Amino acid sequence: MNQLIQVSLEYIGNEKVGQYDPYIPVLFKSGEDKYWKNYAPNHNELAVLRKLPKGTTLQLAPAGTTQSGKPKYTVIIPESEAESPKPPTGKTPEETKRAMVTAIDELTGVWAHCYQKAGEKLNEEGESVPPEAIRCCASSTFIQVTQRFLE
């Protein structure tokens, strides 16, 4: 019979490199029992777990076994924990809308600059690069820059 196991979130480790891919180990405890689960660094569930305080009570559901015969578990995160409400910003809807418009204007300018620079760089050799390739390069550059400077 598959029963849910009440556990507490104890530890989220640093990224490690495994045999095939990087992973992040997460430790759950139930009494003296320990349950480790490895996540890909960009896994959605890991992002939710990182927002939870240590000691948060969760549940594990048995989910078969690994190729080596070890038990696997699925983490059940209560909806109340998964979707925590956003704190109020203290801005009126009109102020929020103006701030969004300003942000869009600024970010659009950054993307346009990325597109211009990507076009110049990709066409340096005198060959014509398709606009799709320039757009992809500009978008990748834009994402990297905004992650680096805006987060």
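Residues numbered from 1 in each chain as written. Predicted model: local features only at pLDDT ≥ 70, side-chain atom pairs only at ≥ 80, totals over all residues. Heavy atoms only, no water.

Draft legend 1. Spatial organisation of the overall build of the chain. When its secondary structure is counted, the chain shows 4 helices and 6 strands. Counting from the amino terminus, helix and strand elements in the chain follow one another as β-β-β-β-α-β-β-α-α-α. Computed over C-alpha atoms, the radius of gyration of the chain comes to 23 Å, more than 25% over the 15 Å expected from 2.2 N^0.38 for 151 residues, which places it beyond the range of a compact globule. Referenced to the eigenvectors of the C-alpha coordinate spread, the extents of the chain come out at roughly 65 × 45 × 25 Å. Every one of the 151 residues in the chain was classed for burial, and the buried ones make up 21%. Residue pairs in contact within the chain that sit at least 24 positions apart in sequence constitute 38% of those at least 6 positions apart. Carbon and sulfur atoms provide 53% of the accessible area of the chain, an area that totals close to 11600 Å². Here the chain contributes 17 positive and 19 negative side-chain charges, whose respective centroids are spaced 5 Å apart. (Helix = DSSP H or I, 4+ residues; strand = E, 2+ residues; numbered from the N terminus. Rg over C-alpha atoms; globule rule 2.2 N^0.38 Å. Buried < 20%, exposed > 50% of the residue type's maximum accessible area, 1.4 Å probe, protein only. Contact = heavy atoms within 4.5 Å. Areas by Shrake-Rupley, 256 points an atom, 1.4 Å probe, with all protein chains shown as cover. Lys, Arg positive; Asp, Glu negative; His and termini not counted. Charge placed at Lys NZ, Arg CZ, Asp CG, Glu CD.)

Draft legend 2. Looking closely at the nonpolar core. Phe28, Leu49, Leu58 and Leu60 are the most contacted members of the largest nonpolar core, which totals 16 residues. Elements with a minimum of two residues in this core: strand E1 (5–12), strand E3 (22–30), strand E4 (33–39), helix H1 (44–51), strand E5 (57–65) and strand E6 (71–76). Formed by 6 residues, the second largest nonpolar core is a distinct cluster that contains Ala118, Val129, Ile134 and Ala138. (Core = buried A, V, L, I, M, F, W, Y, C linked by side-chain atoms within 4.5 Å.)

Draft legend 3. Just helix H4 (residues 131–150), in detail. Across its 20 residues, H4 extends 27 Å between first and last C-alpha, which sits within 8% of the 28 Å expected from 1.5 Å per residue. Within H4, burial applies to Ile134, Ala138, Phe142 and Thr146. One face of H4 carries all of its buried residues, which in axial projection span an arc of 90°. Tucked inside the fold, the buried residues of H4 contact helix H3 (93–122). (Expected span 1.5 Å × (residues − 1). Arc of directions from axis to C-beta.)

Draft legend 4. Representation of the pairing of E4 in the model. Here 7 bridges tie E3 to E4, and the two strands are oriented antiparallel to one another. Its bridge partner being in E4, leucine 27 is matched across the sheet by tryptophan 36. Counting the residues in the hairpin turn of E3 and E4 gives 2 residues, including glycine 31, whose phi is positive at 65°. (Pairing = 2+ DSSP bridges.)

Draft legend 5. Seen up close, the layout of surface pockets. The computed volume of the largest pocket comes to approximately 340 Å³. Contributions of two or more residues to the lining of the largest pocket are made by E4 and E6. With 5 residues, the top contributor of residues to the lining of the largest pocket is E4. Contributing to the lining of the second largest pocket are Tyr20, Tyr23, Asn38, Thr66 and Gln67. (1 Å grid on protein atoms, 1.4 Å probe; cavity = no way out; pocket = protein on both sides within 12 Å on 5 of 7 lines; lining within 4 Å. Points joined across faces, edges and corners; volume = space filled by probe spheres on them.)

Draft legend 6. Region of the structure containing the environment of valine 17. Examined against the element boundaries, valine 17 turns out to sit in strand E2 (residues 16–17). Take valine 17: its relative accessible area is 74%, and that puts it in the exposed class. Remark: the alpha-carbon pair of valine 17 and threonine 74, spanning 57 residues in sequence, is separated by 22 Å.

Draft legend 7. Region of interest: the packing of aromatic side chains. One pass over the structure, following the stated rule, counts 3 aromatic pairs. Aromatic side chains tyrosine 11 and tryptophan 36 sit 6.2 Å apart centroid to centroid with 80° between the ring planes, which places their arrangement in the edge-to-face category. Residue tyrosine 11 is found in strand E1, and its partner tryptophan 36 is found in strand E4; the two are separated by 25 residues along the sequence. Taking the centre distance of 5.3 Å and the plane angle of 25° together, the rings of tryptophan 111 and tyrosine 115 count as stacked. Placement of the pair is tryptophan 111 and tyrosine 115 together in helix H3, with a separation of 4 residues, close to one helical turn. Using a relative accessible area of 30% as the deciding quantity, one classes tyrosine 115 as partly exposed. (Phe/Tyr/Trp six-rings, centres within 6.5 Å; stacked < 30°, edge-to-face > 60°.)

Nothing here speaks to function; it is geometry throughout.
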